[in-house]
Amino acid sequence: MPIIRQESLFDLQDLFDLEPTQRFEAIFSAIDIVPILTVVSKKSRFGPPVKLNYAAMIYSLIVRITERIPFINDLVDRLKNDFIFRLDCGFLVSDDVPSEAFYSRMITQISESNVLERVQETLLLQAISEGFVTDDTVAIDATHIEARDQAPAKEEKPKSEPKKRGRKSKEEREKWLEEKAEKEANLPLYEKPIEAQLDVSLDDLRTLVPIDPKWGVKKNSEGKNAYWFGYKGHLAVGTKSQYILQSLFSSGSLNDGKAAIALLKGIQERLPSLVIEFGTLDAGYDYVPIYEQIYRMKAQSVIAYNKKNEPDPIGFDKYFAPTCVREHSYLYDSFDEKYETLKYSRPKECRDCPLAKDSLCQKVYKVKITTNLRRYTAPARGSKKWKDIYKQRTAVERVNAYLKEYFQLNQVRYRTGKRAKVHFDLVHLVYNASKLACDRLLVQAKSLHHAA
């Protein structure tokens, strides 16, 4: 008979100071595995009886992440040779240890559903209801994940026929434009421009994302291109709590910016009780549709500006603050939420300027952020508050490092995108469960301290 762990209370102050038995219990108590059991359990009363302890198998997959056990066969060996470990994972004394093939079949069943995403959402809503997630700022970033598969050999493309020289006739140009429009309309969603995602449902955004391993490229710390074959993990993290609010798994070739709208819509639709005021992202996400999505969420964008072959604006500085006749920058003063207007005040240098009383020099300069969401944000670019919020973006980089170093995110052992996604979703789930377990233990330790 499968057994389901019940929530327990512990006296120790920190999750990582606990003995393995108590640590596993603390993490298990944060995860509702019933939906996963529904997916993997036998559906019919007909056929041969199943003697597997599915609940314990699910718990052992969770423990494999926390204990950094690299392969399923290593997990099976430890279950066979470590009696205490087997009991800690929920197996009964009378239970047989499942083979690697049984685990493989269970992972395949999980990969055919979105059950792990539903369990992640339930856990996060529980953390919000208990008051552990109160973030008003979300940070988004992506990290590369190498595939286990070896990259396929490069296919040589056949040489295309040379283009006909000279200008096309009117009929040829019209036909070419029609063919081009038809070709662009038939492109997969994630091969279209990012603005095509704005009015697409969240379910479609998550369902249509490509997850097969592909070549990816990124700039390293030295400014050089680094290549890898595999996947990308996209995370939206609360900058204060450092819980993962949303995640997305994709092919390594997917542009980082094309995952942002799915993550933002996920927060908006799946976490309606969480009021997000700011979204902070690096220059790789500097696209107008992302600003538009954050604006639709009634939040403000704090995104590094990526100059794209644009001329320097005349009458404005590098932060798009207006400048006076002598090119002194106006100072950001305040933001009027009612009229969505940024207010700039006269520069200090203008106090003693002979043009101060001239009509060319304004005392106050106002601009609506909707005139250009990319250039004008609240707080204004270059202001101290803008810089302070942008610094909070390091939270998502820190979480990415935690997942790779302590939760095996960089140890994908599966050969297909679907099964690799199961590993990614389990890592997300176990990380948030560990955070919730730690927060609960700390609250309990504080209450015992006050009672004493």
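In what follows, the structure referred to is the one given above.
Bear in mind the structure is a predicted one, so any value in this text is a computation, not a measurement. Counting from 1, residues in each chain are numbered in the order their sequence is written. Reporting in this predicted model follows two pLDDT cut-offs: at least 70 for local features of residues, and 80 or more for side-chain atom pairs to be given and counted; totals over whole chains, interfaces and linings ignore these cut-offs and use all residues. The side-chain figures draw on all heavy atoms in the structure; neither hydrogens nor water molecules are used.

Asker: Describe the overall build of the protein chain, listing the residues and the values that go with them.
Answerer: The helix count covers DSSP runs of H or I at least four residues long, the strand count covers runs of E at least two residues long, and both are numbered beginning at the N terminus. Across its full length, the protein chain carries 14 helices and nine strands. For the C-alpha atoms alone, the extent of the protein chain along its principal axes is close to 90 × 75 × 40 Å. The rule is simple: take the accessible area with a 1.4 Å probe, protein chains only, and divide by the maximum for that residue type; under 20% is buried, over 50% is exposed, in between is partly exposed. For the protein chain, the proportion of its 452 residues judged to be buried stands at 46%. We call two residues in contact when some of their heavy atoms are within 4.5 Å. The contacts in the protein chain between residues at least 6 apart in sequence include a share of 67% that link residues at least 24 apart.

Asker: Go over the environment of His423, please, and point to the residues and values.
Answerer: By the secondary structure assignment, His423 is in helix H14 (residues 417-451). Residues His423 and Gln411 lie 12 residues apart in sequence; the distance between their C-alpha atoms is 8.9 Å. Apart from the residues within four sequence positions on either side, His423 is in contact with Arg64, Ile65, Gln408, Leu409, Gln411, Val412 and Tyr414.

Asker: How would you sum up a negative patch on the surface? Please name residues and give values.
Answerer: Without a salt bridge and with relative accessible area above 30%, a residue can belong to a patch; like charges are then joined within 9 Å and nonpolar side chains (Val, Leu, Ile, Met, Phe, Trp, Tyr) within 5 Å. Computed by Shrake-Rupley with a 1.4 Å probe, the accessible areas treat only the displayed protein chains as cover when residues are assessed. Criterion for a salt bridge: a side-chain nitrogen of Lys or Arg within 4 Å of a carboxyl oxygen of Asp or Glu. As used throughout, the charge tally considers Lys and Arg to be positive and Asp and Glu to be negative, leaving His and the chain termini uncounted. In plain terms, the charge of a residue is placed at NZ if it is Lys, CZ if Arg, CG if Asp and CD if Glu. Together, Glu171, Glu172, Glu174, Glu178, Glu179 and Glu182 make up a region of like negative charge exposed at the surface. Inspection of the secondary structure puts Glu172 in helix H8 (residues 170-185). Here Glu172 falls in the partly exposed class, since its relative accessible area comes to 39%.

Asker: Explain the nonpolar core to me, and be specific about the residues and the numbers.
Answerer: One recurring pattern in soluble globular proteins: nonpolar side chains tend to sit buried together. Core analysis: the largest hydrophobic core is formed by 116 residues, its most contacted members being Ile31, Tyr103, Met106, Leu245 and Leu403. Ignoring sequence-local partners within four residues, the contact set of Ile31 consists of Ile62, Val119, Leu123, Leu429 and Ala433. Only buried residues count toward a nonpolar core, which is a set of Ala, Val, Leu, Ile, Met, Phe, Trp, Tyr and Cys residues joined through side-chain atoms within 4.5 Å.

Asker: Could you give me a rundown of the sheet that holds strand E8 (residues 341-345), with the residues and numbers involved?
Answerer: Taken together, the three strands give an open sheet; going across it, the order is E7-E8-E9, and neighbouring strands pair in antiparallel fashion. Either end of the sheet is taken by a strand with one partner, and the two such strands are strand E7 (331-336) and strand E9 (364-368). Within this sheet the neighbouring strands show an average axis-to-axis angle of 25°, counted without direction. In this analysis, strands are considered paired if DSSP registers two or more bridges between them. The convention used is that axes are lines fitted to C-alpha atoms, helices contributing only their stretch in contact, and that angles between N-to-C directions extend from 0 to 180 degrees.

Asker: Give me the state of the cysteines: which residues, what numbers.
Answerer: Only a pair of cysteine sulfur atoms within 2.5 Å qualifies as a disulfide here. Inspection of every chain in the model, using the stated rule, returns zero disulfides. Residue Cys89 stays outside any disulfide, its sulfur separated by 19 Å from that of Cys438, the closest cysteine. With a relative accessible area of 0%, Cys89 lands in the buried category. What makes Cys438 buried here is its relative accessible area of 14%.

Asker: Describe unusual backbone geometry, with residues and values.
Answerer: Most peptide bonds are trans, and most residues other than glycine sit at a negative phi. For the peptide bond that leads from Ala378 to Pro379, omega is 0°, which places it in the cis range. By the element assignment, Pro379 lies in the loop between E9 and helix H12 (384-391). A positive phi angle, close to 65°, is found at Gln242, a residue other than glycine. Examined against the element boundaries, Gln242 turns out to sit in the loop between strand E3 (225-238) and strand E4 (244-251). Not every positive phi belongs to a glycine, and Glu340 is a case in point at roughly 50°. Relative to the assigned elements, Glu340 resides in the loop between E7 and E8. A relative accessible area of 23% means that Glu340 is categorised as partly exposed.

Asker: Describe empty space enclosed by the protein, with residues and values.
Answerer: Within this scheme a cavity is a closed region of a 1 Å grid, computed over the protein atoms alone, that accommodates a 1.4 Å probe without allowing it to escape, whereas a pocket is open but has protein on both sides within 12 Å along at least five of seven lines; lining residues each have an atom within 4 Å of a point. Grid points are joined across faces, edges and corners, and a volume is the space filled by probe spheres set on the points. Under the defined criterion, the tally for this structure stands at three cavities of 30 Å³ or more. Of the pockets and cavities examined, the largest cavity occupies roughly 100 Å³. Around the largest cavity, the lining residues are Glu117, Gln120, Glu121, Leu124, Arg206, Ile244, Leu245, Gln246, Ser247, Arg270, His428 and Asn432. Listed by contribution, the elements that provide at least two residues to the lining of the largest cavity are helix H7 (115-129), E4 and H14. Each residue gets one label: Ala, Val, Leu, Ile, Met, Phe, Trp, Tyr, Cys and Pro are nonpolar, Asp, Glu, Lys and Arg are charged, and the others, such as Gly, are polar. Looking at side-chain class alone, the lining of the largest cavity contains three nonpolar, five polar and four charged residues. As a volume, the second largest cavity reaches approximately 60 Å³. For the lining of the second largest cavity, the secondary-structure elements that each account for two or more residues are helix H11 (288-296) and strand E6 (300-303).

Asker: Quick one: what's the story with a nonpolar patch on the surface, residue by residue and with numbers?
Answerer: Taken together, the side chains of Phe83, Ile84 and Val93 make up a nonpolar region of the molecular surface, amounting to roughly 300 Å² of accessible area. Locating Ile84 in the fold gives a position in helix H5 (residues 83-88).

Asker: Residues and numbers for the pairing of E3, please.
Answerer: Of all 14 residues that make up E3, 11 are buried, and the element is covered over most of its length. When strand E1 (residues 137-146) meets E3, the two strands line up antiparallel, connected through nine bridges. If you follow Ile140 over to E3, its bridge partner there is Ala236. Summarising the sheet, strand E2 (residues 214-219) and E3 pair through six bridges and their orientation is antiparallel. Pairing of Val217 across the sheet is with Tyr227, part of E3. Taken together, the seven bridges between E3 and E4 define a ladder with antiparallel strand orientation. In the sheet register, Val237 faces E4, and the bridge partner there is Ile244. Joining the antiparallel neighbours E3 and E4 is a turn of five residues, in which Gln242 adopts a positive phi near 65°.

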